[in-house]
Amino acid sequence: QAPILDAATRFMGPLATPLIVLAAIVAIGKSLNAIFMVFSRSLFAMARAGVLPHALARVHPRWGTPHVACLAVFGFCVAWLLLPMSLTFLFLSVSIPTLLKYVTTSLCATRVVKEHPELYANARFKFSPGAMRAWGYAGVVSALAVIALGLGADTRPYYVLLGWGAIGALYYVLWQRLKPAA
């Protein structure tokens, strides 16, 4: 089903198909590029911080890129091809982690105001401390509300993400136990 293509075909005729296909390829390519860049850099940063295996923090000697993290992300992207091709499923699978990132970012903003006043004082753009906390908590509530609304559309992405979360939590617990004492 392609409602955009159907609508475009009504007023553009046969030109609609190549135009819509090209637009979809560009949009998907841009999204994949952004996901690839952010995801690989997140793995790289987490490995540098010691939360993920150190191999993900390797930088290629010639190109200066986190090549192991990039290869890992490529593997994850290929694995995602095995998931259902429902647009709702895919939209929620991408949106839920992004919304969870907004939750944590919003919570971090409220904590910076309260627990790190020197960082808050040096910020170029800032609201008053009260407004900063209010907007931060509003961001948390809004993102969690959107996540909850998605449950009515398709619960499968939530199960997949809970599975990934469980794997991550298990890895973290084992890593904490196996990590040498400092």
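These figures come from a predicted structure and were not determined experimentally.

Conventions adopted
- Residues numbered from 1 in each chain as written.
- Predicted model: local features only at pLDDT ≥ 70, side-chain atom pairs only at ≥ 80, totals over all residues.
- Heavy atoms only, no water.
- Helix = DSSP H or I, 4+ residues; strand = E, 2+ residues; numbered from the N terminus.
- Rg over C-alpha atoms; globule rule 2.2 N^0.38 Å.
- Buried < 20%, exposed > 50% of the residue type's maximum accessible area, 1.4 Å probe, protein only.
- Contact = heavy atoms within 4.5 Å.
- Lys, Arg positive; Asp, Glu negative; His and termini not counted.
- Charge placed at Lys NZ, Arg CZ, Asp CG, Glu CD.
- Salt bridge = Lys/Arg side-chain N within 4 Å of Asp/Glu carboxyl O.
- Expected span 1.5 Å × (residues − 1).
- Phe/Tyr/Trp six-rings, centres within 6.5 Å; stacked < 30°, edge-to-face > 60°.
- Lys NZ or Arg CZ within 6 Å of the ring centre and 35° of its normal.

A. Local environment of the overall build of the protein chain. Helices and strands together make up the secondary structure of the protein chain, namely seven helices and zero strands. The C-alpha atoms of the protein chain give 21 Å as radius of gyration, which overshoots the globular expectation for 182 residues (16 Å, by more than 25%). Seen through its C-alpha atoms, the protein chain measures out along the principal axes to roughly 65 × 45 × 35 Å. A buried classification covers 18% of the 182 residues belonging to the protein chain. Sequence separation of 24 or more characterises 52% of the internal contacts of the protein chain that already satisfy a separation of 6 or more. On the protein chain, the mean spot of the 15 positive side-chain charges and the mean spot of the 4 negative ones are 11 Å from each other.

B. How the structure looks around the pattern of salt bridges. All told, the structure shown has two salt bridges when counted by the stated rule. The closest approach of N and O atoms between R111 and E115, which form a salt bridge, is 2.9 Å. Within this pair, R111 and its partner E115 are both found in helix 4 (residues 87-115), separated by four residues, close to a single helical turn.

C. Helix 6 (residues 129-150), seen in detail. Relative to the 32 Å expected for 22 residues at 1.5 Å per residue, helix 6 spans 32 Å between its end C-alpha atoms, a close match to the ideal helical length. Residues of helix 6 that are buried make contact with helix 4 and helix 7 (156-178).

D. Up close: the packing of aromatic side chains. Taken as a whole and judged by the stated rule, the model has three aromatic pairs. Following the ring pairs from residue to residue traces out a cluster consisting of F39, F76 and W164. Over the aromatic face of Y120 sits the side chain of K126, whose NZ or CZ is 5.2 Å from the ring centroid.

E. Representation of helix 2 (residues 16-48) in the model. Here helix 2 contains 33 residues, and its C-alpha end-to-end distance of 47 Å stays within 8% of the 48 Å for a straight helix at 1.5 Å per residue. Listed as buried for helix 2 are A16, S40, L43, F44 and A47. On the buried face of helix 2, the contacting elements are helix 1 (3-12) and helix 3 (67-80). Residue G50 follows helix 2 closely and has a positive phi angle near 90 degrees.

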